[in-house]
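Geometric and topological summary
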Amino acid sequence: MTRYIISRVLSSLFVLFVLSVLVFSMVRIIPGDPLSAFADPSNPDPAALDALRAELGLDQPWLTQYFVWLMGVLQGDFGRAITVPSEVSTLIAARLPLSLTLAIMATLFGTVIGIPAGVLAATRWRRAPDNTVRGMSFVLLATPPFVLGTVLILVNSLTLRLPLVGLAGASGDPFKMLGVLVLPALLIGLVLAAIVARYTRGTLLDTLGQDFVRTARAKGASPSRLVGRHALRNALIPVTTVIGIELAALVGGTVVIETVFALPGMGSLLLTGIRSSDYPIIQATVLLIGAVYVLINFIVDLVYPLIDPRVRVHTS
Amino acid sequence: MTVTRALALAKVDGRRRRNHFGPAFWSGSGILVGILLLAAWVTLAPPFDPFAASGPALAAPSLEHLLGTDNLGRDNATRLVLAARTSLFISGAAALLGAVIGTVLGLVAGYVGGWVDAVIMRFVDAALALPAILVALVVGVVIGTGPVPLIVALGLVFAPGFARVMRAPVIALRERDFVLAATLSGVRGHRVIAEHLLPNVLTPLFVQFASVASQVVLIEAALSYLGQGVQAPEPSAGRMISEFTRFMQVQPLLIILPSLVIILLSAAWNLLADGLQDYFAPRREPAFSLGRRHKRRPRAKQHLRTSTSNDTPSADPSADPEKRQ
């Protein structure tokens, strides 16, 4: 068990390292000088720009820049934003809680709706509930959350006129914040729920087709016991992996949904960074989003042996 | 017919054995072909200039403009077909690029094994840890926006997924007699991969291709919505939604129509993936299904038949359970 955990930790650390190298080098290839925003376009002063470049460390070799940046990141210092007069860590601290809350709420919605829907569909195979779940998840899978959000805002603007967009009036009040986030989180969560429901249904059907289930059924186990005690435990193992993998897509979904609902989260910060080619902001946001994803997958890996005794046996 | 499909067929109950594509495949490919035909028509003989005003602004649907006009008086139908064409082209090309790169990586990793496999898969894991839309956003900034950079970016983003999907069945096939026989009789490694392994992993490849294409449609739409995808004046469903949000109370069709285009395209690719999966790897019947207890007899018979014809081990681990019917 200890060996299993150590190997998971090492592999997560390696992924984080590769991630940091990828992020760092990706951002360096971006054409365009981020410092051009500081210079007068008609009359650039090379000496002043060079001084600024030296101050920000941009005149150092890339390898040096990488290690300086990495050391800073490990201490929670993401450097100074180039186009905004602020520390990147300050910018992130203001926005990360919102995005994290959004992602966690969406995961909860996705799991809480998705798994029961999948179980319902699998146990009523080829009947009305199955067809309903399949049809709905099929449509949801093809619908990006921002389209759902925009159509919802459209319908709302023509009918109820509830205040859905923006954070106005909700800042500072955590309960109101949660209320504002429910709708965007539900929209992303629904898409996740569609994926989870399809997967749960698929793996549960596979499990229910296996001989041990037939044996248990023949011995008189009730369908609910069969599903709850025998089949679901087996079927949920791959579903856990899928939830972990889909979280990456989910985090991407938050970037877009934040724009739809005008929420000041990591996504809008990243877009600001991209539009002004502000290296430190892009690096920090992409790295943090990737790191959150790696962390969640690490937790999923740790949950594995709890759900699946075989992992425990094989690794110890 | 390849070994894997024959095995999958042998695994399911004989009655459900199918040698025809199902409705999912036909409706999916039908929609895609329909869009291609429409696109060909609009490209060769456009009814209206997609870039110039041809009527009053924000007009409702009429006989002349079947789907109305946008804020600049341009014909919506023409522009939507062109947007669908761009989206279809980007999704197909990006999925193809990802498939080529990813398949080569996956086949090599699976067949060669050892440290090559370890190195490739570690990088694949790291690349998969990045949300696709983030990578596409950043890569888009590096190599510019527009259809071709989008294809390159999204192709690279989805290549690791292909590598992972292709590697698993290759590892299972590597030890099989026909591969060993080929290796022992002196067939070179690259020929074993191309002629013996590749034909047997086409199932997951095709399914993955169609489902990646469907995801590319969604990501392209999202990127264009954020203003980082297809650029003006080229029509794009995603950008239409963000541009026309201002006019949505005046003319809701301007939001609803591009939304439907995105959903239709993505759904068509998904249907294709489902149909292919069902054709190549049909599923076994579950042991029971709730909700119809009064008709037990026919089901009991059915169990008898399945259980006598079936003593195969558990489900094919290489198949993607999500995509099954």
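Residues numbered from 1 in each chain as written. Chains lettered and ligands numbered in written order. Predicted model: local features only at pLDDT ≥ 70, side-chain atom pairs only at ≥ 80, totals over all residues.

For chain B, the helix and strand inventory stands at twelve helices and zero strands. Ordered by position from N to C terminus, the α and β elements of chain B give α-α-α-α-α-α-α-α-α-α-α-α. Taken across its 325 residues, chain B has 48% of its residues classed as buried. The contacts of chain B with a sequence gap of at least 6 include a subset with a gap of at least 24, amounting to 73%. (Helix = DSSP H or I, 4+ residues; strand = E, 2+ residues; numbered from the N terminus. Buried ≥ 20, exposed ≤ 12 C-beta atoms within 10 Å, placed from the backbone. Contact = placed C-beta atoms within 7 Å.)

For chain A, the helix and strand inventory stands at twelve helices and zero strands. For chain A, the succession of helices and strands along the chain, N to C, is α-α-α-α-α-α-α-α-α-α-α-α. Going through the 316 residues of chain A one by one, you find that 41% of them count as buried. Within chain A, residue pairs in contact and separated by at least 24 positions form 75% of the contacts whose partners lie at least 6 positions apart.

With that out of the way, let us pick up the interface of chain B and chain A. On the chain A side, the residues contacting the 49 residues of chain B number 56 residues. Put simply, the parts of the chain that give the side of chain B that touches chain A at least two residues each are α4 (114-128), α5 (132-143), α9 (202-225) and α11 (253-280) of chain B. The biggest single contributor to the side of chain B that touches chain A is α11(B), with eight residues. Of the residues belonging to the side of chain B that touches chain A, the class tally is 31 nonpolar, ten polar and eight charged. (Nonpolar A, V, L, I, M, F, W, Y, C, P; charged D, E, K, R; others polar.)

Compared with an ideal rise of 1.5 Å per residue, which puts 14 residues at 20 Å, helix α6 (residues 145-158) of chain A spans 20 Å between its outermost C-alpha atoms and is within 8% of the ideal. By the burial criterion, the buried members of α6(A) are Pro145(A), Phe146(A), Val147(A), Leu148(A), Gly149(A) and Thr150(A). (Expected span 1.5 Å × (residues − 1).)

Our next topic: the nonpolar core. Core analysis: the largest hydrophobic core is formed by 167 residues, its most contacted members being Val196(A), Ala136(B), Leu154(B) and Ala222(B). With 17 residues, helix α7 (residues 174-208) of chain A is the single largest residue contributor to this core. Aside from chain neighbours lying at most four places away, what touches Val196(A) is Gly110(A), Thr111(A), Gly114(A), Ile115(A), Gly118(A), Val239(A), Val242(A) and Ile243(A). (Core = buried A, V, L, I, M, F, W, Y, C linked by C-beta atoms within 7 Å.)

On to the packing of helix α3 (residues 76-112) of chain B against α4(B). Residue and element names in this part refer to chain B. Interaxial distance between α3 and α4 falls to 7 Å at its minimum, and their mutual angle equals 145°. At the point where α3 passes α4, the crossing takes the left-handed sense. Residues Leu105, Val108, Ala109, Gly110 and Val112 of α3 pack against Gly114, Val116, Asp117, Ile120 and Met121 of α4. The class makeup of the residues in the contact of α3 with α4 is seven nonpolar, two polar and one charged. (Axes fitted to C-alpha atoms, helices over the stretch in contact; angles between N-to-C directions. Left-handed = near helix turned anticlockwise from the far one by under 90°.)

Inspection of the secondary structure assignment puts Asn270(B) in helix α11. Sequence separation of Asn270(B) and Ile151(B) is 119 residues, and the distance between their C-alpha atoms is 19 Å. Beyond its immediate sequence surroundings of up to four residues, Asn270(B) is in contact with Phe138(A), Leu141(A), Ala142(A), Ser211(B) and Ser214(B).

For the rest of this paragraph, the subject is the packing of helix α4 (residues 88-123) of chain A against helix α11 (residues 279-307) of chain A. Residue and element names in this part refer to chain A. The contact between α4 and α11 brings their axes to 10 Å, and the two run at 45°. Relative to α11, the element α4 lies oblique. Regarding α4 and α11, the two cross each other, and that crossing is right-handed. In contact with Val88, Leu91 and Ile92 of α4, α11 contributes Pro280, Ile281, Ala284 and Leu288. Its residues assigned to classes, the contact of α4 with α11 shows seven nonpolar, no polar and no charged. (Parallel < 35°, antiparallel > 145°, perpendicular 65-115°, else oblique.)

Residues and elements named next belong to chain A. A positive phi angle, close to 60°, is found at Arg126, a residue other than glycine. The residue Arg126 is located in the loop between α4 and α5 (128-141) in this model. Phi angles above zero are rare outside glycine, and Ala262 is one such case at about 50°. Inspection of the secondary structure assignment puts Ala262 in the loop between α9 (223-260) and α10 (266-275). Judged by local crowding, Ala262 falls into the exposed class, with 12 C-beta atoms found within 10 Å.

A few words on the environment of Val191(A). Residue and element names in this part refer to chain A. The residue Val191 is located in helix α7 in this model. Residues Val191 and Gly114, 77 residues apart in the sequence, show an inter-C-alpha distance of 9.3 Å. Contact partners of Val191, with chain neighbours within four places excluded, come to Leu140, Pro145 and Gly253.

Moving on, we come to α5(B). All names here are of chain B. In a regular helix each residue adds 1.5 Å, so twelve residues correspond to 16 Å; α5 covers 16 Å between its end C-alpha atoms and thus fits that length. Of all twelve residues in α5, ten are buried, a share of seventy percent or more. Among the residues making up α5, those that are buried are Ala132, Ile133, Leu134, Val135, Ala136, Leu137, Val138, Val139, Gly140 and Val141. Directly after α5, the chain includes Gly144, whose backbone phi takes a positive value near 95°.

Atom-level detail of predicted coordinates should not be read off regions where pLDDT is low. Residues and elements named next belong to chain B. For chain B, the average pLDDT comes to 80, and 80% of its residues sit at 70 or higher. Note that pLDDT drops below 50 for residues 293-325; the model gives that stretch 40 contacts with residues more than four away or on any other chain. The ipTM, which scores confidence in the relative placement of chains, is 0.81 for this predicted complex, and the corresponding pTM is 0.81. (pLDDT = per-residue confidence, 0-100.)

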